[in-house]
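Below, each chain spelled out in residue letters.
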Amino acid sequence: LLTLYENFPDEESCIRYFEMMRWGDKVISPFDPTSKVYKCSNGKYKCKNTGRYFDVKTGTAFAKTKMPMRKWFSVMMLLLTHTRGISSCQVASILKIKQRTAWGMMQKVRQYMSMENNHKLSGEVEIDETFVGGKNKNRHKDKKVEKCQGRSYKDKVPVFGILERGGKVIAKVVPNTQAKTIVPIIKEKVELGSVVYTDGWDYSGLHGKYVQRSVDHEKHFYGTTYATDEGEIIVVSTNGIENVWSHFKRMIFGIYYHVSKKYMQRYIDEYIFRFNTRNFTDSQRFNLLLRNAA
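Residues numbered from 1 in each chain as written. Predicted model: local features only at pLDDT ≥ 70, side-chain atom pairs only at ≥ 80, totals over all residues. Heavy atoms only, no water.

J.: Just give me the short version of the sheet that holds strand β1 (residues 37-39), but keep the residues and values in it.
T.: If you trace the 3 strands from one edge of the open sheet to the other, you get β1-β2-β3, paired in antiparallel fashion. Among the strands making up the open sheet, the edge pair consists of β1 and β3 (53-54). (Pairing = 2+ DSSP bridges. Helix = DSSP H or I, 4+ residues; strand = E, 2+ residues; numbered from the N terminus.)

Next up, the structure:
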């Protein structure tokens, strides 16, 4: 935050930077891109063709809010620089605002993180599902759910993920983990001909379009490495995507404690944005998120 405030000492500097991100050298009306724009006072502009007034926040999540841009910038930086995330209570305490205000601002920022959760993957990819929710043994006896062990998700949220080895990952909340739900996502997000590593499930819908290799966790087989006759080293495992789930659940368990199914995708988007930009500097992450908002 100290570095942020050095670069943006006042509200005007934040607005000018966001204008540069959104429009560059020429202001464009959000109501009619072809219209001439007149500059007015208090950072406002007027669209000649429509006669409507606007500013740089119009049409973004920052519109119709009394919160200054400097606080929006601060919320973004706090979300990006904490490895495991940060709670709305902590953000409210740091920025001297109400907790519900901080929570609402964070949710609006997370919607721009979702753009990083929409890549096309190729090469070698690992796929897996996970179930997010508390364990039955930790619940009060009045709140225990019967027959919810294993792959039962009556009390949990199923999430499907695809990891490109050495690259990016995508993850989506899904209604179930059946092949008819999973296979269309794979076909949409993974290029044809890619090698798909699974954890024992055979997806018949992928035959002929992808190379499938799998490990069987039920038989305690977690992976193997071998060389082909051509000298290619093959590593059969899903340890990469399992590692993604491990870190994601630590974020939930350590910071947010409980996330409802309604907002689960937002928190997944937050984690995926942080994971896919793991080699970025803080300023690069901040600029990417701000460009998404712009």
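That shown, we press on.
J.: Give a detailed account of the environment of Val195, specifying residues and quantitative values.
T.: Mapped onto the elements, Val195 comes out in strand β7 (residues 195-198). Of the residues examined, Val195 reaches a relative accessible area of 14% and is grouped as buried. Considering only alpha carbons, one finds Val195 and Ser29, 166 residues apart in sequence, at a separation of 46 Å. Discounting residues that sit within four places of it in the chain, Val195 has contacts with Gly123, Glu124, Val125, Val211 and Arg213. (Buried < 20%, exposed > 50% of the residue type's maximum accessible area, 1.4 Å probe, protein only. Contact = heavy atoms within 4.5 Å.)

J.: Can you lay out the environment of His82 for me, pointing to particular residues and giving the numbers?
T.: Topologically, His82 is positioned in the loop between α3 (69-81) and α4 (88-95). We classify His82 as partly exposed; its relative accessible area is 31%. Along the chain, His82 and Arg274 lie 192 residues apart, while their C-alpha atoms are 9.4 Å from each other.

J.: Summarise the packing of aromatic side chains; cite the residues concerned and give the values.
T.: Considering all chains together, one arrives at 14 aromatic pairs under this definition. Consider the rings of Phe8 and Phe73, whose centres lie 5.2 Å apart with planes at 80°: the pair is edge-to-face. With a gap of 65 residues between them, Phe8 in the loop between α1 (2-7) and α2 (11-23) and Phe73 in helix α3 connect regions that are remote in the sequence. With relative accessibility at 1%, the residue Phe73 sits in the buried group. Members of the aromatic cluster, joined through ring pairs, are Phe8, Tyr17, Phe73 and Phe286. Cation over ring: Arg52 sits above Phe31, and NZ or CZ is 3.9 Å from the ring centre. (Phe/Tyr/Trp six-rings, centres within 6.5 Å; stacked < 30°, edge-to-face > 60°. Lys NZ or Arg CZ within 6 Å of the ring centre and 35° of its normal.)

J.: Tell me about the sheet that holds β7, residues and numbers included.
T.: As summarised here, the arrangement of the 5 strands in space is β6-β5-β4-β7-β8, forming an open sheet in which the pairing is mixed. Lying at the two open borders of the sheet, with one neighbouring strand each, are β6 (169-173) and β8 (211-214). With strand direction ignored, the average angle separating the axes of adjacent strands in the sheet is 25°. As defined by bridge partners, strand β4 (residues 124-132) adjoins β7 across 3 bridges and the pair is classed as parallel. Looking at β7, one finds that Glu126 is bridged to Tyr197. Contacting β4, β5 (157-164) and β6, helix α8 (residues 264-276) runs over the sheet at an angle of about 175° to β6. (Axes fitted to C-alpha atoms, helices over the stretch in contact; angles between N-to-C directions.)

J.: Can you break down the nonpolar core residue by residue, with the values?
T.: Counting residues in each nonpolar core, the largest one holds 59 residues, and the members touching the most others are Phe18, Phe73 and Phe286. Look past the residues within four positions of Phe286 in its chain and what remains in contact with it is Leu4, Phe8, Tyr17, Phe73, Met76, Met77 and Leu80. Leu121, Val183, Leu206 and Tyr210 belong to the second-largest nonpolar core, a separate cluster that totals 16 residues. (Core = buried A, V, L, I, M, F, W, Y, C linked by side-chain atoms within 4.5 Å.)

J.: I'd like to hear about the side chain of Ser29, residue by residue, with values.
T.: Along the polypeptide, Ser29 turns up in the loop between α2 and β1. Here the side chain of Ser29 touches Phe31 through a polar contact of 3.1 Å, landing on its backbone nitrogen. Within the structure, the side chain of Ser29 is placed 3.3 Å from the backbone nitrogen of Asp32, a separation counted as a polar contact. Among all residues touching Ser29, those that are not within four sequence positions of it are Val37, Cys47 and Phe54. (Polar contact = N/O pair within 3.5 Å; in protein donor to acceptor, adjacent residues only side chain to side chain.)

J.: Please provide a residue-by-residue account of the pattern of salt bridges, values included.
T.: Inspection of every chain in the model, using the stated rule, returns 9 salt bridges. In this structure, Lys168 and Glu116 form a salt bridge, with 3.1 Å as the shortest nitrogen-oxygen distance. In this pair, Lys168 is assigned in the loop between β5 and β6 and Glu116 in the loop between α5 (99-113) and β4, connecting sequence segments 52 residues apart. Here Lys168 falls in the partly exposed class, since its relative accessible area comes to 26%. Residue Glu116 is classed as buried on the basis of its relative accessible area, which comes to 7%. Through salt bridges with shared partners, one network takes in Glu12, Arg16 and Glu19. (Salt bridge = Lys/Arg side-chain N within 4 Å of Asp/Glu carboxyl O.)

Everything listed here is a matter of coordinates, which is why it stays silent on function.
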